[in-house]
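# Understanding the architecture of this molecule
The residues making up each chain are set out below.
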Amino acid sequence: MDCWSLFQSVDTFQYPTCVTRCPFISNQSEPDVPYYRDYLSLKTILNSQHPVSETKGELVHDEMFFIIMHQAHELWFKQIIFEIDSVREIFKSEKVDEKLTLRIVQRLNRVLMILKLVTEQIPILETMTAQDFLAFRDYLYPASGFQSCQFRELEMKLGIKAKDRLGRSDAKLREALKQEERDILVETESEPSLSQLIQNWLERTPGLEEDNFSFYDAYKEAVKNKIEFDKKQIETETNGNLNNVMLDVIKQSVETFEDILNIEGYNQLFNSGQRKMTHKSFMGALMINVYRDLPRFSQPFQILTLLVDIDNQLTKWRYAHCLMVQRMIGSRIGTGSSSGYQYLRSTISDHYKVFTEIAGMSTYLIPANFLPSLPEDLKKRIAVPQ
Ligand code: HEM
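Residues numbered from 1 in each chain as written. Predicted model: local features only at pLDDT ≥ 70, side-chain atom pairs only at ≥ 80, totals over all residues. Heavy atoms only, no water.

## Some words on the overall build of the protein
What counts here: By definition, any uninterrupted DSSP run of H or I lasting at least four residues is a helix, any uninterrupted run of E lasting at least two residues is a strand, and each is numbered from the N terminus. For every residue, the accessible area obtained with a 1.4 Å probe (protein chains only) is divided by the maximum for its type, and the residue is called buried under 20%, exposed over 50%, and partly exposed between those limits. Two residues form a contact once any of their heavy atoms are found within 4.5 Å. Note that accessible areas follow from Shrake-Rupley with a 1.4 Å probe, and for residues the cover is restricted to the protein chains shown. The convention is simple: Lys and Arg are positive, Asp and Glu are negative, and His and the chain ends are not counted. Every charge is mapped onto a representative atom, which is NZ of Lys, CZ of Arg, CG of Asp or CD of Glu.
When its secondary structure is counted, the protein shows 20 helices and 2 strands. A principal-axis box enclosing the C-alpha atoms of the protein has dimensions of 85 × 65 × 40 Å. Sorting the 386 residues of the protein into buried and exposed places 41% on the buried side. The long-range fraction of contacts in the protein, counting pairs at least 24 apart against all pairs at least 6 apart in sequence, stands at 74%. Of the accessible surface of the protein, which amounts to about 22200 Å², a share of 52% is contributed by carbon and sulfur atoms. Once the 45 positive and 53 negative side-chain charges of the protein are each reduced to a mean point, those two points are 1 Å apart.

## Quick look at unusual backbone geometry
Cis geometry is found at the peptide bond from tyrosine 141 to proline 142, where omega equals 0°. You can see proline 142 is positioned in the loop between α8 (130-140) and α9 (149-158). Positive phi outside glycine occurs at serine 41, with the angle close to 50°. Of note, serine 41 is situated in the loop between α3 (36-39) and α4 (42-46). By relative accessible area, serine 41 is classed as partly exposed at 37%. In this model, serine 337 sits at a positive phi of 70°, which is unusual for a non-glycine residue. On the secondary structure map, serine 337 appears in the loop between α17 (295-329) and α18 (341-346). You can call serine 337 partly exposed: its relative accessible area is 42%.

## Considerations on a nonpolar patch on the surface
What counts here: Here the term patch refers to residues with relative accessible area over 30% and no salt bridge, with like charges joined within 9 Å and nonpolar side chains (Val, Leu, Ile, Met, Phe, Trp, Tyr) within 5 Å. Throughout this description, the term salt bridge denotes a Lys or Arg side-chain nitrogen within 4 Å of a carboxyl oxygen of Asp or Glu.
Among the surface-exposed residues, Tyr36, Tyr39 and Leu40 lie close enough to one another that they form a single nonpolar patch of about 300 Å² accessible area. Within the secondary structure layout, tyrosine 36 lies in helix α3.

## Side note on the coordination of the iron atom of the ligand
Heads up, the condition is: Only N, O and S atoms count as donors, using a 2.8 Å cut-off from the metal and 3.2 Å for Na, K and Ca, and because water is excluded some sites may appear unfinished.
For the iron atom of the ligand, the sole protein-derived donor is His321 (NE2), lying 2.2 Å away. Mapping histidine 321 onto the fold places it in helix α17.

Next up, the structure:
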């Protein structure tokens, strides 16, 4: 007997609150009790598809599908923004409560899953042929994806800045929006982005700079030892006859590590916008990467991995959308008056990624046996979840 039949078999049965409050159970005799359709505002949502072709006299079948595809995306964008906002809220505190890191991981993972879902939705649009699309495309003009305020909000909340834009200026993109939406973007811009908050958090990585230990100094020494070791090994293998190619390899290795070990040079690149992360936050991320097996660093490592995954997945969405657009409109201009496919191609670039430096961190890793050993007291603290 299932629990529902059990309830019904009891004469003097009182529904438990979990049942009376269940929005999915119809109870017509109690109008105050939530009802599935009302709880989900389905009357509004399911009556919000208004194909223009219908008002022009003849419904074009695929226009309904086109509207629902966009609406479904916008609903998911809303959920993504909701999750990102909640994660940003946690990161806003001076000291992020480490008990909340699992929650951050869960929410970022949800964002990633939703992005995967909407990326997979894009090919469904390709069940509509370019010719089918032409049957109602003119009705849309000048409405365009450029007017998706939530998409811009999402980009900004992640950390994409006006100066990162390539194919179309930030000012021009805002012009496409209504005033109330522009106001939302101004407000969004005044708040710290996820990228900014993550950097603040990374700068506070435990053990990065302590009284008796500097991860930067220790790592610099470890890199020097590794390069010396490589040089000696090549010398031994070649009986001391290092040729130019070998010397070049060693020189390149030194130069690569100089990118992050020469703080002055790093800061120049940061100030000119060629690097997005502060040096200190970069070293925090590196420290979490190399000691990710220590308990206090394992969830932060997952957070960093998820941020890179989210960045990459958004690029995959851009790519899927761009390819679909090429198939749909070729090289025609978009209804938002951009060059269409060419413009969208320009957004599939590192300029539109926020966590590229975390993604590229593997450039600066060294084998585990060369890693600096941490002071015992620090190791103990990192080994214990706080
Ligand atoms: C037949 C289907 C579609 C076509 C032909 C199409 C076409 C385009 C074009 C040409 C642009 C460039 C701006 C312009 O000049 O209008 C654009 C931008 C955009 N579209 Fe679509 N699109 C389609 C479906 C979708 C869907 C389902 C979404 C989901 C919300 C979407 C979201 C966007 C967004 C957010 C942008 C701005 C991208 C950016 O500036 O980086 N599009 N679209």
